[in-house]
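Residue strings, one per chain:
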Amino acid sequence: MKGIQLLVITVFSAAFLSFTPEHKKLIIIDAGHGGSDMGANRNGIYEKNIVLNIGKEIQKLNSSQDKYEIIMTRDSDTYNQLTERTTLINKLNPELVISLHVNSSPDMESLQQGSEIYTQNTEASKNLAKRISKKFNVQKIEEKNLHILRESKAPAILMELGFINNVKDLEYLTSEKGQKEVAQKFADVFNEYTE
Ligand SMILES: [Zn+2]
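Cut-off values and rules
Residues numbered from 1 in each chain as written. Predicted model: local features only at pLDDT ≥ 70, side-chain atom pairs only at ≥ 80, totals over all residues. Helix = DSSP H or I, 4+ residues; strand = E, 2+ residues; numbered from the N terminus. Expected span 1.5 Å × (residues − 1). Buried ≥ 20, exposed ≤ 12 C-beta atoms within 10 Å, placed from the backbone. Arc of directions from axis to C-beta. Pairing = 2+ DSSP bridges. Axes fitted to C-alpha atoms, helices over the stretch in contact; angles between N-to-C directions. Contact = placed C-beta atoms within 7 Å.

As annotated in an unreviewed UniProt entry, the protein carries the name N-acetylmuramoyl-L-alanine amidase and comes from Chryseobacterium taeanense.

Chemist: Explain helix H7 (residues 176-193) here, please?
Modeler: Residues spaced three or four apart along an α-helix face the same direction, because each turn holds 3.6 residues. Over its 18 residues, H7 runs 26 Å from end to end, which matches the ideal 26 Å to within 8%, given 1.5 Å per residue. Three or more residues of H7 are buried, namely Gln179, Val182, Ala183, Phe186, Ala187, Val189 and Phe190. Relative to the axis of H7, the buried residues are bounded by an arc of 160 degrees and lie together on one face. Among the exposed residues of H7, those oriented more than 90 degrees off its buried face are Lys177 and Glu192.

Chemist: Please clarify how helix H3 (residues 82-92) should be interpreted in this entry.
Modeler: Three or more residues of H3 are buried, namely Arg85, Thr86 and Ile89. Across the axial projection of H3, the buried residues extend over an arc of 90 degrees, all falling on one side. Residues of H3 that are exposed and point more than 90 degrees away from the buried face comprise Thr83, Glu84 and Lys91. Of the residues one or two after H3, Asn93 is the one with positive phi, at around 50 degrees.

Chemist: Mind showing me how you'd approach the sheet that holds strand E6 (residues 115-119) here?
Modeler: Paired through their backbone hydrogen bonds, the strands of a sheet run either parallel or antiparallel. Strand order in the open sheet made by the 6 strands is E4-E1-E5-E8-E6-E7, with mixed pairing throughout. At either end of the open sheet lies a strand with only one pairing partner, and these are strand E4 (68-72) and strand E7 (138-143). In this sheet, adjacent strand axes meet at a mean angle of 20 degrees when their direction is disregarded. With 5 bridges joining them, E6 and E7 adopt parallel strand pairing. Bridge assignment links Ile117 to a residue of E7, and that residue is Ile141. Contacts from H3 reach strand E1 (25-31), E4 and strand E5 (96-103), with the element oriented near 175 degrees to E1.

Chemist: Honestly, unusual backbone geometry in this entry has me stumped. Any pointers?
Modeler: Most peptide bonds take the trans form, and the phi angle of most residues other than glycine is negative. One non-glycine residue with positive phi stands out, namely Asn43, at about 50 degrees. Mapped onto the secondary structure, Asn43 falls in the loop between strand E2 (41-42) and strand E3 (45-46). We classify Asn43 as exposed; it has 7 C-beta atoms within 10 Å. Even without being glycine, Asn93 reaches a positive phi, approximately 50 degrees. Tracing the backbone shows Asn93 in the loop between H3 and E5. On the basis of neighbour count, Asn93 is assigned to the exposed category, with 10 C-beta atoms found within 10 Å.

Chemist: What am I meant to see in the environment of Asp77 here?
Modeler: Of note, Asp77 is situated in the loop between E4 and H3. Note on Asp77: 15 C-beta atoms within 10 Å, which makes it partly exposed.

Chemist: Help me out: how do you make sense of the pairing of strand E8 (residues 156-163) in this one?
Modeler: The two faces of a sheet get side chains in turn, since along a regular strand they alternate between them. The buried fraction of E8 is high, at 8 of 8 residues. Here E5 runs beside E8; their pairing, made up of 6 bridges, is parallel. Its bridge partner lying in E8, His101 is registered against Glu160. By the bridge criterion, 4 bridges tie E6 to E8 in an arrangement that is antiparallel. Its bridge partner being in E8, Tyr118 is matched across the sheet by Leu158.

What follows is the structure, given as structure tokens:
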């Protein structure tokens, strides 16, 4: 009987702790677009799916450590308004916010390749962009007045991971290897950031 009680308490505690992440720092991954909002597309490949896959991959990688907890603004193919996203973010009060997107240029085939990072008008946001840019092929870091950046109280960046209409970027961002690599780079940035 004692053994069973202990087991019940242990299981209950584990379940309870997993819902009270106050001992962990929170990081929000915002997978851009979703649902009827496809984002950029190329030959039936949509931005909304690429960023969701990478976000989930980050979450998966993260499950083996207990320093921080990843929360996604969406974890399925649903459309959330930008205001819903920033309301959630500000309610959770995370350490940082990463909004994931994929770029597109007006050309049929983009000569531009690589990622771009947009920041808030704060040192913390610019510092986060710098940390990320050490791991990725970042072509541009720029302050920009975008809803998710303007309305998030926590340090936030919005990253365009590559060009959907650049054949190399597209191939990389849609491959399992590429998505895992991108996710690992973010996991490394977070580990260093939360040390
Ligand atoms: Zn986008």
